[in-house]
Amino acid sequence: DIANAVWQIAEGLGDTSHWDFTRLMAIREANEAQIAEGADDDRFPVYPQRLVADIRRVLPSEGIVALDNGIYKIWFARNYKAHKPNTVLLDNALATMGAGLPSAMAAHLVYPDRPVISVCGDGGFMMNCGDGGFG
């Protein structure tokens, strides 16, 4: 039971007012600066950091982004801030090409009132375009 384990750890902690988070905050600020870099870049073709930032700007907190596999997946993993649990569907284990579109379709079936977006490349899309009435 994770909740119980966290509660027990918190109960076992003493006074934490002396903890110094200076280094952690510096790392956080550097990460925020890195995420902001390229977020408004207007070059064509679309800069990956811009795509991630644009999707984060338009997708509400409960919106779901389902990723296929391509280099863009790394940019989403690094730069996309999930506001709620289970709103980024990223299969990372075996880099299963073609998982983005069916994941988005399943997410829409489970959460029909939430906006869902699938990010997939031509290869991932072509692996599925014959399914679900796309052909």
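Sequence order as written defines residue numbering, which begins from 1 separately in each chain. pLDDT decides what is reported in this predicted model: residues at 70 or higher carry local features, side-chain atom pairs at 80 or more are listed and counted, and totals for whole chains, interfaces and linings draw on all residues regardless. Working from all heavy atoms in the structure, the side-chain values ignore hydrogens and water.

Colleague: Would you mind showing me how to read the nonpolar core here?
Modeller: Generally speaking, nonpolar side chains in soluble globular proteins are found buried as a group. For this analysis, a nonpolar core means a set of buried residues of the types Ala, Val, Leu, Ile, Met, Phe, Trp, Tyr and Cys, connected via side-chain atoms within 4.5 Å. Summary of the burial criterion: residues with accessible area below 20% of their type's maximum are buried, those above 50% are exposed, and those between are partly exposed, where the area comes from a 1.4 Å probe applied to protein chains only. Counting residues in each nonpolar core, the largest one holds nine residues, listed as V52, I55, L59, V65, L67, Y72, F76, Y80 and V119. Helix and strand assignments come from DSSP, with helices taken as H or I runs of at least 4 residues and strands as E runs of at least 2, each series counted from the N terminus. When residues of this core are traced back to their parent elements, those giving at least two are α3 (48-58), β1 (64-67) and α4 (71-79). The residues contacting Y72, other than those within four sequence positions of it, are V119, C120 and G121. Whether two residues touch is decided by their heavy atoms; if any such pair falls within 4.5 Å, the residues are in contact.

Colleague: Would you take a moment to explain the pattern of salt bridges for this structure?
Modeller: Note on pairing: side chains with opposite charge can pair once their charged atoms come close. Any carboxyl oxygen of Asp or Glu within 4 Å of a side-chain nitrogen of Lys or Arg constitutes a salt bridge here. Enumeration according to the criterion identifies six salt bridges in this entry. Between D54 and R50 there is a salt bridge, and its shortest N-O distance comes to 2.9 Å. Of the two residues, D54 and R50 both sit in helix α3, four residues apart, roughly one turn of that helix. Of the residues examined, D54 reaches a relative accessible area of 27% and is grouped as partly exposed. One salt bridge in this structure joins R57 and D54, with 2.7 Å as the shortest N-O distance. Separated by three residues within a single helix, R57 and D54 lie in helix α3, roughly one turn from each other. Three or more residues are tied together by salt bridges with common partners; here these are D40, D42, R50, D54 and R57.

Colleague: Explain the sheet that holds β1 here, please?
Modeller: Adjacent strands of a sheet form backbone hydrogen bonds with each other and so pair up, either parallel or antiparallel. When DSSP finds two or more bridges between a pair of strands, those strands are recorded as paired. Strand order across the open sheet formed by three strands is β2-β1-β3, with parallel pairing between neighbours. If you trace the sheet from one side to the other, it starts and ends with β2 (88-90) and β3 (116-119), each paired once. Direction aside, neighbouring strands of the sheet carry axes that sit 15° apart on average. Across four bridges, the pairing between β1 and β3 is parallel. Looking at β3, one finds that I64 is bridged to V116. Fitted lines through C-alpha atoms serve as axes, helices being fitted only where they are in contact, and the angles separating the N-to-C directions of these axes extend from 0 to 180 degrees. Of the strands in this sheet, β1, β2 and β3 are in contact with α4, which crosses β1 at around 145°. Sheet strands in contact with helix α5 (residues 100-110) are β1, β2 and β3, and its direction is about 175° off that of β3.

Colleague: I tried to follow the environment of V52 on my own but got confused; where do I start?
Modeller: Within the element layout of this structure, V52 appears in helix α3. Judged by relative accessible area, which is 2%, V52 ranks as buried. Contacts of V52, omitting those with residues within four sequence positions, involve W75, F76, N79 and Y80.

Colleague: Looking at this model, I keep getting lost on the packing of α3 against α4. Mind explaining?
Modeller: Think of two packed helices as two axes; the pair is described by the angle between the axes and how far apart they sit. Taken N-terminus to C-terminus, the directions of α3 and α4 make an angle of 55°; their axes are 9 Å apart at the nearest point. When the axis of α3 is compared with that of α4, the two are oblique. Our pair here, α3 against α4, has a crossing hand that is right-handed. Contacts from P48, Q49, L51, V52 and I55 of α3 reach α4 at W75, F76 and N79. Note on angle classes: values under 35 degrees are labelled roughly parallel, values over 145 roughly antiparallel, values of 65 to 115 roughly perpendicular, and the remainder oblique. What makes a crossing left-handed is the near helix being turned counterclockwise from the far one by less than a right angle; a clockwise turn instead makes it right-handed.

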